[in-house]
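# Remarks on the overall topology
Next come the chains, spelled out residue by residue.
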Amino acid sequence: MPTAFPDAAELESVLDLAARAPSAGNIQPWRWLVDDRGVQLFADWTRSRGDTDSDRRDVLLSCGAVLHHCAVAFAAAGWSSRIVRFPDDGVLAAFELEKHPPGAGSVELAGAISRRRADRRPYRGALPAGTIELFVIRAQRLGVQLAVVPAGRWARAGDTEFGLGYGDSPSGHPGDDAVMLVLATDTDTDLTRLRAGEALSGLTLSAAALGLATCPLTEPLRDARNRLALACEVFDGEAYPQVLVRIGPSTVGAPLPPGQRRSVAETTTFDLG
Ligand SMILES: Cc1cc2nc3c(=O)[nH]c(=O)nc-3n(C[C@H](O)[C@H](O)[C@H](O)COP(=O)(O)O)c2cc1C
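An unreviewed UniProt entry annotates the chain as Nitroreductase of Mycolicibacterium diernhoferi.

Right under this line is the structure:
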């Protein structure tokens, strides 16, 4: 155990806030172990929706999102973290924590955690100038590429469903001014999927802090042909699309209610001798 370490109440409140992270189908596929070595994150594969490569990707992206949410929550609570990814077999990440006064940026991002929702409604209006450029830079810092999906290549397929429009697939999203972004990585490994999940979290929280609505989407990437066509068109075939993100000015409608989450007691083992 490091010399300074958050107490049980602080840990519980940080992990509770981190649990607000988005996850595919809200499966929340993560486990935490708090012991003498610190705080460690594991994937809970029993919560995966299946055994396909896309299901595995969803688990790792979602774990990346909760990892980033957790670092933001720790920072706002006065703990800076050094994250070691894949330190041991089966461990996705370990936090090394140090007392550090919270900066304005982390307080703002942590404040956005409770406001962020996966908003599937149409968005109206244009993004403020420079928004996408800002997100590109932030994703790059995590080794993740971000690009815009051409507007004619994605479609609203219903009230809550979206698709990519390559080949015979439909395209068009009348009445929805959203921009579709894609986060992609140079290689397609467990580590880069985790990193893409962290970048997804950073993007959705920064957007919420700016008053923008977002919705992560991986369903449209389950079609291998669409995924490959997108990779070829947007990244010259040199990157692996991991997750799409619809983004736009917040809709005029009422704020969406928060989704259900598992409690800290359900996801966390405290083993503090
Ligand atoms: C990796 C990932 C993939 C997702 N894919 C989809 C999707 O394809 N379609 C969709 O409507 N929502 C998708 N979501 C959004 C989740 O359904 C949403 O985060 C979850 O239900 C919790 O709701 P909240 O984000 O509003 O808290 C995805 C989220 C993540 C993190």
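So, on to the nonpolar core. If you look at the biggest cluster of nonpolar residues, it comprises 31 residues, and the most contacted ones within it are W32, V39, L41, C63, C70, F74 and F95. Among the elements that make up this core, the one with the highest residue count is helix α2 (residues 53–76) (10 residues). With near-sequence residues (within four places) excluded, C70 lies in contact with V14, L15, A18, W32 and F95. Core analysis: the second largest hydrophobic core is formed by 19 residues, A147, W154, L230 and A239 among them.

Spatially, β5-β8-β10-β9 is the arrangement adopted by the 4 strands of the open sheet, whose pairing is antiparallel. The strands lining the two open edges of the sheet, one partner per strand, are β5 (145–148) and β9 (212–217). Going from strand to strand, the sheet's axes swing by 25 degrees on average, the running direction of each strand aside. Note that β5 and strand β8 (residues 179–185) share 4 bridges and pair antiparallel. The residue bridging A147 from the neighbouring strand is V182, located in β8. Here helix α5 (residues 190–209) sits on the sheet and contacts β5, β8, β9 and β10 (240–249); the angle it forms with β10, its principal contact strand, is near 5 degrees.

One can read the domain layout of the chain as domain 1 (8–114 + 258–271) and domain 2 (131–249). Between domain 1 and domain 2, the C-alpha centre-to-centre distance is 22 Å. With 25 residues of domain 1 in contact, the opposing surface of domain 2 contributes 23 residues. Across the interface of domain 1 and domain 2, roughly 2,100 Å² is buried in total on both sides, 60% from carbon and sulfur atoms.

In this section: the pairing of strand β1 (residues 30–35). A large share of β1 lies buried, amounting to 5 of its 6 residues. Taken together, the 6 bridges between β1 and strand β2 (residues 38–43) define a ladder with antiparallel strand orientation. If you follow D35 over to β2, its bridge partner there is G38. Once β1 ends, the chain turns through 2 residues before running back antiparallel as β2.

What counts, and at which threshold
Residues numbered from 1 in each chain as written. Predicted model: local features only at pLDDT ≥ 70, side-chain atom pairs only at ≥ 80, totals over all residues. Heavy atoms only, no water. Core = buried A, V, L, I, M, F, W, Y, C linked by side-chain atoms within 4.5 Å. Buried < 20%, exposed > 50% of the residue type's maximum accessible area, 1.4 Å probe, protein only. Helix = DSSP H or I, 4+ residues; strand = E, 2+ residues; numbered from the N terminus. Contact = heavy atoms within 4.5 Å. Pairing = 2+ DSSP bridges. Axes fitted to C-alpha atoms, helices over the stretch in contact; angles between N-to-C directions. Domains from an automatic or database assignment. Buried area = accessible area lost by both parts, 1.4 Å probe.

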